[in-house]
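Survey of secondary and tertiary structure
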Amino acid sequence: MKKLTSILTALFLTGLLAAGSAVAADHTVTAQGMKFSPMVINVEPGDTVYWENMPTHNVHMMEGLIPEGTEAFVSAMGDDFNHTFEKEGIYIYQCDPHIGAGMGGAVIVGKPTNLDAIKSQDVSGGLGRVVDKAVEAAEAM
């Protein structure tokens, strides 16, 4: 009986440790007028980002400005949206109708593994301003 109790205790403690390390966090980005707040957000792999207050906005992850091997996506216009990020790197996104006003943002997941690839892109205008802010934040990490 003493051996069974020891085994069960060890299994219980192992389960607690595994559960504690597997807890993902939720983060919120809010559309405020013609900007996302925060513009740059740092999260860990497995975390979920929620975009809220999106009545006239969308989230368009930009091909070439996300980690290699991940798929770009576009949320539906006017819908609050969420996405769970699994792969480390920088993800640059824009609001399609308002990028001219600089409405975009970046999600930095873990380490900015694709920083050099993003810096090598020729991006200008509103999206260029977003990329500049993301690069600045990534370099400060």
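Residues numbered from 1 in each chain as written. Predicted model: local features only at pLDDT ≥ 70, side-chain atom pairs only at ≥ 80, totals over all residues. Heavy atoms only, no water.

Moving on, we get to the sheet that holds strand β2 (residues 35–37). Spatial strand order, β2-β1-β4-β6: four strands in an open sheet with mixed pairing. Of all strands in the sheet, those bounded by a partner on one side alone are β2 and β6 (81–84). Each strand axis lies, on average, 20° off the axis of its neighbour in the sheet, ignoring direction. Examined bridge by bridge, strand β1 (residues 26–32) and β2 share three bridges and lie antiparallel to one another. Looking across to β2, one finds that glutamine 32 is bridged to lysine 35. (Pairing = 2+ DSSP bridges. Helix = DSSP H or I, 4+ residues; strand = E, 2+ residues; numbered from the N terminus. Axes fitted to C-alpha atoms, helices over the stretch in contact; angles between N-to-C directions.)

Each strand in a sheet pairs with another by means of backbone hydrogen bonds, the pair being arranged parallel or else antiparallel. Judged by pairing direction, the sheet is mixed, and its four strands sit side by side in the order β3-β8-β7-β5 without closing on themselves. Each edge of the open sheet is held by one strand with a lone partner, namely β3 (40–43) and β5 (60–61). In the packing of helix α3 (residues 125–139) onto the sheet, contacts are made with β3, β7 (89–94) and β8 (104–109), and the angle to β7 comes to roughly 155°. (Contact = heavy atoms within 4.5 Å.)

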